[in-house]
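Okay, here's what each chain looks like letter by letter:
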Amino acid sequence: MKRYNTARTDNEKASAARLRTWRNMRIGFIMLVFLLMFGVVVVRLFNLMLLNRDKLYSLAEKQHRVISTYITKRGNIFDTNGIDLAVSLEMDSIYACPYKVEDLQSEATLVSDVVSIDRDSLVRKLSSDKNFVWVKRRANPSIVSMLDEKDLDSIGYVKEDKRFYPHGNLAGAVIGFVGTDNRGLAGLEYEMDDYLRSTVSHYIAIKDASGHKLFEVDPSKAPALKNYDLTLTLDIYIQHIAERELARGVEKTGALGGCAVVMDPKTGEVLAMAGYPGYDPNRFLDSPQENWRNKAVSWNFEPGSTFKIFLAAGVLEYGVAAVDDVFDCEGGSFDVSTVKFTDHESGFGLLSVSGHHHPFQQYRRGETGASHGKRPLLSYHELVRIRRLYR
């Protein structure tokens, strides 16, 4: 009985030893597997957090942030009656997000065919590192509709202004025009561009997992994005009459061009400023650049009858002639050295200094002015100008 118990104890010890050995092997194997898995995780973390950190961070930002564009409307231009002279119409501009392009070649082909733009140029834009590139500014509504049906994730639309001049040629050189970027290039559109211009603002919004924007701001409330309308003293009705009569006069006389200005003598306000030939700001590229200039302010012109009052004042000031002196206008012609000056009408005979009311008054004004020399009269005119500037 005693031997039996001893043999049983030895068997149990051997069995327990084998069990411990197997258990230790399993534990070791499991630890080895965990160590290998931990090593893979460490290598992966090293790769993500150190080697590819910048690239992955950029991808994450693009997935959770969206760049939105806000463009203020360019200010309108009105005449003195509040009638539109230049307005801005909202149109869709097409843009692309290169990082959202899935198939560069096929999307470039599709978009270029719909929008009718150069495919190679579009490929370069879509393969760039930029987040935002223009595809077509102020596109035709039919093009926008056809492209929208393609449902491309990389294509988006933003409202932009297209400048429109309702009255065409009327006061075209005064108003001017804008370029593709909606910046003034001529006339008041250029001169007052700092006040009229539209402002483009890009801002970032956060997206949730469903793609909805979070924490979006309203940039239209920012004071820096405000612009202004412009109201002129021009009266569209007087402007129309001035341009019509100027065109008739130029065509009748066969002149190369002409200009006319209508002012309110009580206030000095410019009621009309016409130039011929003019142009249509809606299609300014169809006209020669010479027509873009505002002739009333860019041309040099002889003062003509408007200068008679200064010449007469100078004559009286220097005692060359008295108010009641009479001059013989010699039928409308006057020789100065080798040059003969003639009036557009003839038949004028004796006229007094105080009674000169016809444009040919300038004829004898010139004679009386010449009789006392050029320098004293010029000094008088300079004196009048200086007094006017500093009074």
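All figures in this text were calculated on a predicted structure; none of them were measured in a lab. (Residues numbered from 1 in each chain as written. Predicted model: local features only at pLDDT ≥ 70, side-chain atom pairs only at ≥ 80, totals over all residues. Heavy atoms only, no water.)

J.: Can you lay out the packing of helix α3 (residues 104-115) against helix α5 (residues 141-148) for me, pointing to particular residues and giving the numbers?
T.: α5 packs onto α3 with a crossing angle of 155° between their chain directions and a minimal axis gap of 9 Å. In terms of axis orientation, α3 runs roughly antiparallel to α5. Between α3 and α5 lies a crossing of right-handed hand. Where α3 approaches α5, its residues L110, V111, V114 and V115 are matched on the opposing element by I143, M146 and L147. For the contact of α3 with α5, a count of residues per class yields seven nonpolar, no polar and no charged. (Axes fitted to C-alpha atoms, helices over the stretch in contact; angles between N-to-C directions. Helix = DSSP H or I, 4+ residues; strand = E, 2+ residues; numbered from the N terminus. Parallel < 35°, antiparallel > 145°, perpendicular 65-115°, else oblique. Left-handed = near helix turned anticlockwise from the far one by under 90°. Contact = heavy atoms within 4.5 Å. Nonpolar A, V, L, I, M, F, W, Y, C, P; charged D, E, K, R; others polar.)

J.: Please set out the pattern of salt bridges residue by residue, giving values where relevant.
T.: Applying the stated criterion across every chain, the model contains ten salt bridges. A salt bridge links D193 to R183; its shortest N-O distance comes to 3.0 Å. Separated by ten residues along the polypeptide, D193 in helix α8 (residues 193-196) and R183 in the loop between β6 (177-178) and β7 (184-186) bring together distant segments of the chain. Given a relative accessible area of 6%, D193 falls into the buried group. One salt bridge connects D194 with R197, and the closest N-O pair in it is separated by 2.9 Å. A residue is classified by how much of its surface remains accessible, and D194, at 60% relative accessible area, is exposed. Overlapping salt bridges, with partners in common, bring together R74, R163, R183, E189, D193, D194 and R197 in one network. (Salt bridge = Lys/Arg side-chain N within 4 Å of Asp/Glu carboxyl O. Buried < 20%, exposed > 50% of the residue type's maximum accessible area, 1.4 Å probe, protein only.)

J.: How would you summarise the packing of α3 against helix α4 (residues 119-126) if you had to cite specific residues and measurements?
T.: The relative placement of two packed helices comes down to the angle between their axes together with the axis-to-axis distance. Between α3 and α4, the least distance of the axes is 9 Å, while the angle of their chain directions is 130°. It follows that α3 is oblique to α4 by the angle criterion. Considering the relative orientation of α3 and α4, their crossing is right-handed. Residues L104, Q105, A108, T109, V111 and S112 of α3 touch α4, and the partners they reach there are R119, L122, V123 and L126. Here the contact of α3 with α4 is built from residues that sort into six nonpolar, three polar and one charged.

J.: Give a description of the pairing of strand β3 (residues 84-96) that names residues and reports values.
T.: By the bridge criterion, two bridges tie strand β2 (residues 77-78) to β3 in an arrangement that is antiparallel. The residue of β3 that forms the bridge with I77 is A86. Here β2 folds back onto β3, and the loop between the two strands holds five residues, one of which, G82, carries a positive phi near 85°. Pairing analysis gives ten bridges linking β3 to strand β5 (residues 155-164), with the strands arranged antiparallel. If you follow S93 over to β5, its bridge partner there is V158. (Pairing = 2+ DSSP bridges.)

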